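For reference, the chains in residue letters:
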Amino acid sequence: MADTPNITPEELEDLREAFAKIDTDGNGFLSKGEINDLFRAANLGLPGFRVREIIEELTSTSEKLTFQQFTQIVQGLKSTEVGKTFRKAINKKEGIRNVAGTSEQAGTQHSYSEEEKVAFVNWINKALEKDPDCNHVLPADPDTDELFTAVGDGIILCKMINLSVEDTIDERTINKKKLTPFTIQENLNLALNSASAIGCHVVNIGAEDLKEGRQHLVLGLLWQIIKIGLFADIELSRNEALIALLREGESLEDLMKLSPEELLLRWANFHLEGAKVPRINNFSSDIKDSRAYFNLLHQVAPKGNDSLGPPIKIDMMGIHEKDDIQRAELMLVQAEKMGCRQFVTATDVVRGNPKLNLAFVANLFHKYPALKKPDNQDIDWGSIEGETREERTFRNWINSLGIHPRVNHLYADLADALAIFQLYEKIKIPVDWERVNKPPYPKLGSNMKKLENCNYAVELGKKAKFSLVGIGGHDLHAGNRTLTLALLWQLMRRYTLNILEDLGDGQKVNDDTIVAWTNQTLEGAKKTSSISSFKDSSISSSMPVLDLIDAIQPGSVRYDLLKRNHPAPEDKFNNAKYAISTARKVGARVYALPEDLMEVKPKMVMTVFACLMARAIKRA
């Protein structure tokens, strides 16, 4: 393998994105039946015989394919005659457009899906059609590249983020009129840092990329934002009717551990079982003939005996149509009756585009879940706890760093410590990956393999001089909330301090350093605010944070919008919302929430001041 060409960082990112498209449940591996879809998603034009050979080779060692195995296969193919046809196949692939000049790597091209662009444009046009702040760029024409220009001032991105996670961005901080290059830059900073705060991976995306409308980056960011919004209600604590999907022998905890993608697939199969038709295993190859969709629509359509409005009659005659495209079109006509035609065309269904079909089904679930909360006295309803603010902040921070697979349930998805190992590497703690057990785990002894990983994670934490008194690998594996959060906080704290130390040429930083710098900066700007610690009660008004932001970037805070003297609780919350968004707007990647400032949560407060300090050093 010494002569095998290396995979460039850009190609690796493209491969990771393709893998994530097919790995809709985010568990980190694919079945052999999905490999053909994977190669198509990666724009790798392999002949059928070669795909079959790869499947046979894989089956001899495992029934599953991991991302690491996928990259090894691609690396091997690059040196073969088959490999030489890859780019030719991309150029010819219908629906895929190449973007030149997006990389310094010679010969490297990024591609994007024309179908996805069309779907996202139509979704955005509909979502923001009544928003007067977007009239200058919407509606965009889905048949042109208007979308990539439209996002360039940051307003649409900010609006879409708020549609996905309400009140993430304080509308008062969005620059909407008389835009200049500087105010556009602020909007884009606000959008990117807010996207990161809700769990989008934006590490490789900058404001200039969005301003220039780099297609693959724009579509990648929009998909993350849209997906977060579509999946918001696919969570047991927010939708107790999902308990109807509980299977015999399962506990409530088992159901709560499922990812949104897994719950969505189970929801579809729940209704398909009700229709007495075959189940599906994915939203790609298994839905191409539209028959599952016909039956799903028929099952969830309002029958007139519930609160969903008048009955909607689904015409099932189209299921007998012989032509796949025509059958898919007839199915979409029925979906349109329910207001759920978004995201896919007939061609997208027949091709089995996994991303767009996932969005289509998620939107259908959002509008017509057709589930009833079971009247079961054996269920402990009180045990259904929603995600706490602290847990959500940690989960979003982890996902924003591009940890793979994505963390959906904080405790269940850390039970094998793979995400924790990746976090260690982010804070420059070396991980011996030869000691790490990787999926797919054996059917027998899988818990032991995961526990070994967790023990190693604790060992690394001790080497990093973390305070781990009383914390063992079994605590991480079992999902002990208090102890898991204790480790995550120390990881997040070290990550934050590392950024400061890197900017400060390696000078060590601690809480006292940040407090002293804050007060010196406030005093130098002739501000009256100061803090004694991250527990200082004055922080509840958010004025020390806002004064610090204005000291770093004079004129960035509109004090006329704030309640400064003796603010009531509602005023404190509004001040905090404005402070968090303004911090992101000036370029600070803040993960804390307004409530953290209002309630003076010392840990999250520390990260706010540290991020502002990092921003100030970077500007100097």
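Quick caveat, the model's predicted, so the values are computed rather than measured. (Residues numbered from 1 in each chain as written. Predicted model: local features only at pLDDT ≥ 70, side-chain atom pairs only at ≥ 80, totals over all residues. Heavy atoms only, no water.)

### Observations regarding the overall build of the protein chain
For the protein chain, the count of helices and strands is 27 helices and four strands. When burial is assessed residue by residue, the protein chain has 53% of its 620 residues classed as buried. In the protein chain, once contacts between residues fewer than 6 apart in sequence are set aside, the share between residues at least 24 apart is 62%. Accessible surface, the protein chain as shown: approximately 28,300 Å² in total, 50% of it carbon and sulfur. (Helix = DSSP H or I, 4+ residues; strand = E, 2+ residues; numbered from the N terminus. Buried < 20%, exposed > 50% of the residue type's maximum accessible area, 1.4 Å probe, protein only. Contact = heavy atoms within 4.5 Å. Areas by Shrake-Rupley, 256 points an atom, 1.4 Å probe, with all protein chains shown as cover.)

### Observations concerning helix α11 (residues 215-230)
The terminal C-alpha atoms of α11, which comprises 16 residues, lie 22 Å apart, in line with the 22 Å expected from a rise of 1.5 Å per residue. Most of α11 sits out of view: 15 of its 16 residues are buried. (Expected span 1.5 Å × (residues − 1).)

### What to know about the layout of surface pockets
In this structure, the second largest pocket occupies an estimated 740 Å³ of space. In this structure, the second largest pocket is lined by 28 residues; those nearest its centre are Asn193, Ile499, Gly587, Arg589 and Lys618. Counting residues per element, the ones that place at least two in the lining of the second largest pocket are α9 (181-197), α18 (389-400), α22 (481-503) and α27 (602-619). Top contributing element to the lining of the second largest pocket by residue count: α22, with seven residues. When the residues that make up the lining of the second largest pocket are grouped by side-chain class, the tally is 15 nonpolar, nine polar and four charged. (1 Å grid on protein atoms, 1.4 Å probe; cavity = no way out; pocket = protein on both sides within 12 Å on 5 of 7 lines; lining within 4 Å. Points joined across faces, edges and corners; volume = space filled by probe spheres on them. Nonpolar A, V, L, I, M, F, W, Y, C, P; charged D, E, K, R; others polar.)

### Re α22
For α22, built from 23 residues, the straight-helix expectation of 33 Å at 1.5 Å per residue is met to within 8% by its first-to-last C-alpha distance of 33 Å. Where α22 begins, the capping side chain belongs to Asn480, and its oxygen is found 3.2 Å from the backbone nitrogen of Thr482. A positive phi of about 55° marks Asp505, the residue just after α22. (Polar contact = N/O pair within 3.5 Å; in protein donor to acceptor, adjacent residues only side chain to side chain.)

### Side note on the environment of Ile184
Within the secondary structure, Ile184 is located in helix α9. Once the C-alpha coordinates of Ile184 and Lys211 are considered, the two residues, 27 residues apart in sequence, prove to be 8.4 Å apart. With residues near it in sequence (within four places) discarded, Ile184 still touches Gly152, Asp153, Leu179 and Lys211.

### Focus: the packing of aromatic side chains
Tallying each qualifying case throughout the model produces 13 aromatic pairs. Judged by centre distance (5.4 Å) and plane angle (45°), the rings of Phe421 and Tyr456 are tilted. Note that Phe421 is positioned in helix α19 (residues 418-426) and Tyr456 in helix α20 (residues 446-463), a separation of 35 residues in sequence. Both residues of the pair, Phe421 and Tyr456, belong to the buried class. (Phe/Tyr/Trp six-rings, centres within 6.5 Å; stacked < 30°, edge-to-face > 60°.)

### Notes on the side chain of Asp536
Looking at where Asp536 falls in the secondary structure, it is placed in the loop between α23 (511-524) and α24 (543-552). A polar contact of 2.9 Å, which involves the side chain of Asp536, links it to the backbone nitrogen of Ser538. The contacts of Asp536, once residues within four sequence positions are left out, are Ser530, Ile531 and Val600.

### As for the packing of helix α13 (residues 260-274) against helix α17 (residues 354-367)
Between two packed helices, what matters for the description is the angle formed by their axes and the separation of those axes. Closest axis-to-axis distance for the α13/α17 pair is 11 Å, and the angle between their directions is 70°. When the interaxial angle is binned, α13 and α17 end up roughly perpendicular. Contact with α13, carried on its side by Glu261, Leu264 and Trp267, involves Leu358, Val361, Ala362, Leu364 and Phe365 of α17 and no other residues of that element. Per-class residue counts for the contact of α13 with α17 are seven nonpolar, no polar and one charged. (Axes fitted to C-alpha atoms, helices over the stretch in contact; angles between N-to-C directions. Parallel < 35°, antiparallel > 145°, perpendicular 65-115°, else oblique.)

### Quick look at unusual backbone geometry
Trans is the prevailing form of peptide bonds, just as negative phi is the prevailing case for residues other than glycine. A cis amide bond links Leu138 with the next residue in sequence, Pro139, at an omega value of 0°. Topologically, Pro139 is positioned in the loop between α6 (114-127) and α7 (146-150). Geometrically, the link from Pro439 to Pro440 is a cis peptide bond, its omega value of 0° lying close to zero. With a phi angle near 85°, Phe343 is a residue other than glycine that sits in the positive phi range. Taking relative accessible area as the criterion, Phe343 reaches 6% and is therefore assigned buried.

### Description of the packing of α6 against α17
The interhelical angle for the contact between α6 and α17, taken along N-to-C directions, is 25°, at an axis separation of 10 Å. The angle between α6 and α17 falls in the class roughly parallel. Contacts between α6 and α17 involve Glu115, Glu116, Ala119, Phe120 and Trp123 on the former and, on the latter, Lys355, Leu356 and Asn363. Along the lines of polarity and charge, the residues of the contact of α6 with α17 split into four nonpolar, one polar and three charged.

### A short note on the confidence of the model for the protein chain
Detailed reading of the predicted coordinates is not advisable wherever pLDDT is low. Summarising the model, the protein chain shows a mean pLDDT of 88, and 88% of its residues fall at 70 or more. For the stretch residues 81-93, pLDDT sits under 50, and the model shows 20 contacts to residues farther than four places along the chain or on other chains. Ignoring residues within four places in sequence, the model shows residues 100-108, a span with pLDDT below 50, making 12 contacts including any to other chains. (pLDDT = per-residue confidence, 0-100.)

### Details of the pattern of salt bridges
What the rule picks out here adds up to 37 salt bridges. Across the salt bridge formed by Arg341 and Glu329, the nearest N and O atoms sit 2.7 Å from each other. With a gap of 12 residues between them, Arg341 in the loop between α15 (324-337) and α16 (346-351) and Glu329 in helix α15 connect regions that are remote in the sequence. Residue Glu329 is classed as partly exposed on the basis of its relative accessible area of 28%. Salt bridges sharing common partners tie together Asp131, Asp133, Lys159, Glu171 and Lys176. (Salt bridge = Lys/Arg side-chain N within 4 Å of Asp/Glu carboxyl O.)

### Things to note about the nonpolar core
If you look at the biggest cluster of nonpolar residues, it comprises 93 residues, and the most contacted ones within it are Leu157, Leu221, Leu264, Trp267, Met338 and Leu364. Top contributing element to this core by residue count: α11, with 10 residues. Those residues in contact with Leu221 that sit more than four places away from it in its chain are Leu157, Leu192, Ala195, Cys200, Val202, Ile205 and Leu210. Leu423, Leu483, Val509 and Val557 belong to the second largest nonpolar core, which has 81 residues in total. (Core = buried A, V, L, I, M, F, W, Y, C linked by side-chain atoms within 4.5 Å.)

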